[in-house]
Amino acid sequence: MVTRLYTHPVFLEHITPPGHPERPDRLRAIERALDDEAFAALDRAEAPEGDEATILYAHPQEFVERVRATIPDTGIARVDADTTASPKSWQAAVTAIGAANAAVDDVFRGNATNVFVAARPPGHHAEKTTSMGFCLFNTAAIAARHAQRQHQAERVAIVDWDVHHGNGTQDIFWDDPSVLYCSTHQMPLYPGTGAVSETGAGNIVNAPLAPQTGSEVFRDAFLSRILPALDSFAPDLIIISAGFDAHHRDPLAEINLTEGDFDWATGQLMQRAGRHSDNRLVSLLEGGYDLQGLAFSVAAHVGRLMKG
Ligand SMILES: [Zn+2]
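Since this is a predicted model, take the numbers as computed values, not measurements. By convention here, each chain's residues receive numbers from 1 onward along its written sequence. Only residues with pLDDT of 70 or above have their local features reported here, since the model is predicted, and side-chain atom pairs are shown and tallied only from 80 upward, although totals for entire chains, interfaces and linings are computed over all residues. Remark: hydrogens and water are excluded; side-chain values derive from all non-hydrogen atoms of the structure.

Trainee: Just checking my understanding: could you explain the packing of helix H7 (residues 259-276) against helix H8 (residues 291-307) for this structure?
Mentor: If you want to describe how two helices pack, look at the angle between their axes and the distance between the axes. The interhelical angle for the contact between H7 and H8, taken along N-to-C directions, is 30 degrees, at an axis separation of 8 Å. As summarised for this structure, H7 and H8 are arranged roughly parallel, according to the angle between their axes. Relative to H8, the crossing made by H7 is right-handed. Here Glu 259, Phe 262, Asp 263, Thr 266, Gly 267 and Met 270 of H7 lie close against H8, whose contacting residues are Phe 296, Ser 297, Ala 300, His 301, Arg 304 and Leu 305. Three residue categories are used. Nonpolar comprises Ala, Val, Leu, Ile, Met, Phe, Trp, Tyr, Cys and Pro, charged comprises Asp, Glu, Lys and Arg, and polar comprises the others, including Gly. Residues belonging to the contact of H7 with H8 are distributed by class as follows: five nonpolar, four polar and three charged. Simply put, an axis is a line fit to the C-alpha atoms, just over the touching stretch for a helix, and the angle between two N-to-C directions goes from 0 to 180 degrees. For helices the rule is a DSSP run of H or I covering at least 4 residues; for strands it is a run of E covering at least 2, with both sets numbered from the N terminus onward. Note that the term roughly parallel is reserved for angles under 35 degrees, roughly antiparallel for angles over 145, roughly perpendicular for angles of 65 to 115, and oblique for everything else. Note on convention: the crossing is left-handed when the near helix lies turned anticlockwise from the far helix by less than a right angle, right-handed when the turn is clockwise. Note on contacts: a residue pair qualifies if any of its non-hydrogen atoms lie within 4.5 Å across the two residues.

Here it is, written out as structure tokens:
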């Protein structure tokens, strides 16, 4: 049982404007939380350089060039209302993709049982042809396709417990029954998608949560909707879009989860990975904007990944 952690110094160099919630300190808080004896057995690795060609797994070339053109030589450029780019943002985004793809390689080659990727910028709001919601490219979607193209995975499941709906991931796999997309998220909330009625080709499972709800409603959504969907889909790989902004301390939403809920949900997904995908599980950091809530939640999540 080996749990690997990928991160890279360039993830701190994606600079956002002062006061922006998606900031480099998020990764520093995670680093501090995992710099503890309890995580001594974590297999720490530097994310490899990403392969830009793999961006095309989820986005058209014309869009990739459009994003490249927004990267400024100095300062901070606006990409959309709340998404920005700094000079190192391209390298950070491509390295995040490199880390996620390497994580997929690791679990298929048996180099690791599961992997947590602590990267930024996040990815799940990036649609086929739109960067939005702090996200440039959809890292989770690219990693899912990488598993299919490089490791002959037939079915990949993406479970997204970020408090915001992963409209980008849903958009990319809307008519692709080879990828199951399951999401718990607060509704109403940004970006506005994620109703139960949005089912794609029968491969989209949305479990919206009402504001001010917490553990009970979240766990019930897992037990009644998401875990049964995973069992009938029987994925060859489970990818978690692991946002921790449903934590009760988070300033961007009103769902009241605790780190214990992330521990529990991780355990449930590991059980399904054990049942269907030879334990293969890759977890990618998405949101989480209260530094203490994020640190506690990632510690609980990674601790569970290591314990099995
Ligand atoms: Zn979020």
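Once the structure has been displayed, the description carries forward.
Trainee: What is the right way to look at the packing of aromatic side chains in this model?
Mentor: Each aromatic ring pair is characterised by the separation of its centres together with the angle its planes make. Each Phe, Tyr or Trp ring (for Trp, its six-membered ring) is paired with any other whose centre lies within 6.5 Å, and the angle between the two planes then decides the class: stacked below 30 degrees, edge-to-face above 60, tilted in between. Tallied over the entire structure, the rule returns eight aromatic pairs. Measuring from centroid to centroid gives 6.0 Å for Phe 63 and Phe 137, while their planes differ by 90 degrees, and the two rings are edge-to-face. Of this pair, Phe 63 sits in helix H2 (residues 61-70) while Phe 137 sits in the loop between strand S5 (114-117) and helix H4 (139-151), and the two are 74 residues apart along the sequence. The pair Phe 63 / Phe 137 is uniform in exposure class, with both members buried. Site record: aromatic cluster; members linked through ring pairs are Phe 63, Trp 90 and Phe 137. Burial classes follow relative accessibility: with a 1.4 Å probe on protein chains only, a residue under 20% of its type's maximum area counts as buried, one over 50% as exposed, and anything between as partly exposed.

Trainee: Could you clarify how one ought to interpret empty space enclosed by the protein in this entry?
Mentor: Take a probe with the size of a water molecule and roll it over the atoms, and the empty space left behind shows itself. Put plainly, a pocket is an open set of points on a 1 Å grid over the protein atoms alone with protein on both sides within 12 Å along at least five of seven lines, a cavity is a set where a 1.4 Å probe fits but cannot get out, and a lining residue has an atom within 4 Å of a point. Grid points are joined across faces, edges and corners, and a volume is the space filled by probe spheres set on the points. All chains considered together, the criterion is met by three cavities of 30 Å³ or more. Counted as a void, the largest cavity has a volume near 70 Å³. Taken together, Ala 96, Val 117, Ala 119, Pro 121, Pro 122, Gly 123, Thr 139, Leu 284, Leu 285 and Glu 286 make up the lining of the largest cavity. For the lining of the largest cavity, a count of residues per class yields seven nonpolar, two polar and one charged.

Trainee: Help me out: how do you make sense of unusual backbone geometry in this one?
Mentor: The bulk of non-glycine residues show a negative phi, and the bulk of peptide bonds are trans. With an omega of 5 degrees, the peptide bond between Arg 120 and Pro 121 qualifies as cis. For Pro 121, the position within the fold is in the loop between S5 and H4. Along the chain, Tyr 190 connects to Pro 191 via a cis peptide bond; the corresponding omega equals 0 degrees. Among the secondary structure elements, Pro 191 is positioned in the loop between strand S7 (179-186) and strand S8 (204-209).

Trainee: Sorry if this is basic, but what is going on with the sheet that holds strand S1 (residues 3-7) here?
Mentor: In any sheet, the strands associate via hydrogen bonds between backbone groups, in a parallel or an antiparallel arrangement. For two strands to be treated as a pair, DSSP must find at least two bridges joining them. With respect to topology, eight strands assemble into an open sheet ordered S2-S1-S5-S10-S9-S6-S7-S8, the strand pairing being parallel. On the outer flanks of this sheet lie strand S2 (43-46) and S8, each paired with one strand and no other. This sheet shows a mean twist of 15 degrees between the axes of neighbouring strands, independent of strand direction. Sheet topology places strand S6 (residues 156-160) next to S7; five bridges connect them, and they run parallel. Across the sheet, Asp 160 pairs through a bridge with Ser 183, a residue of S7.

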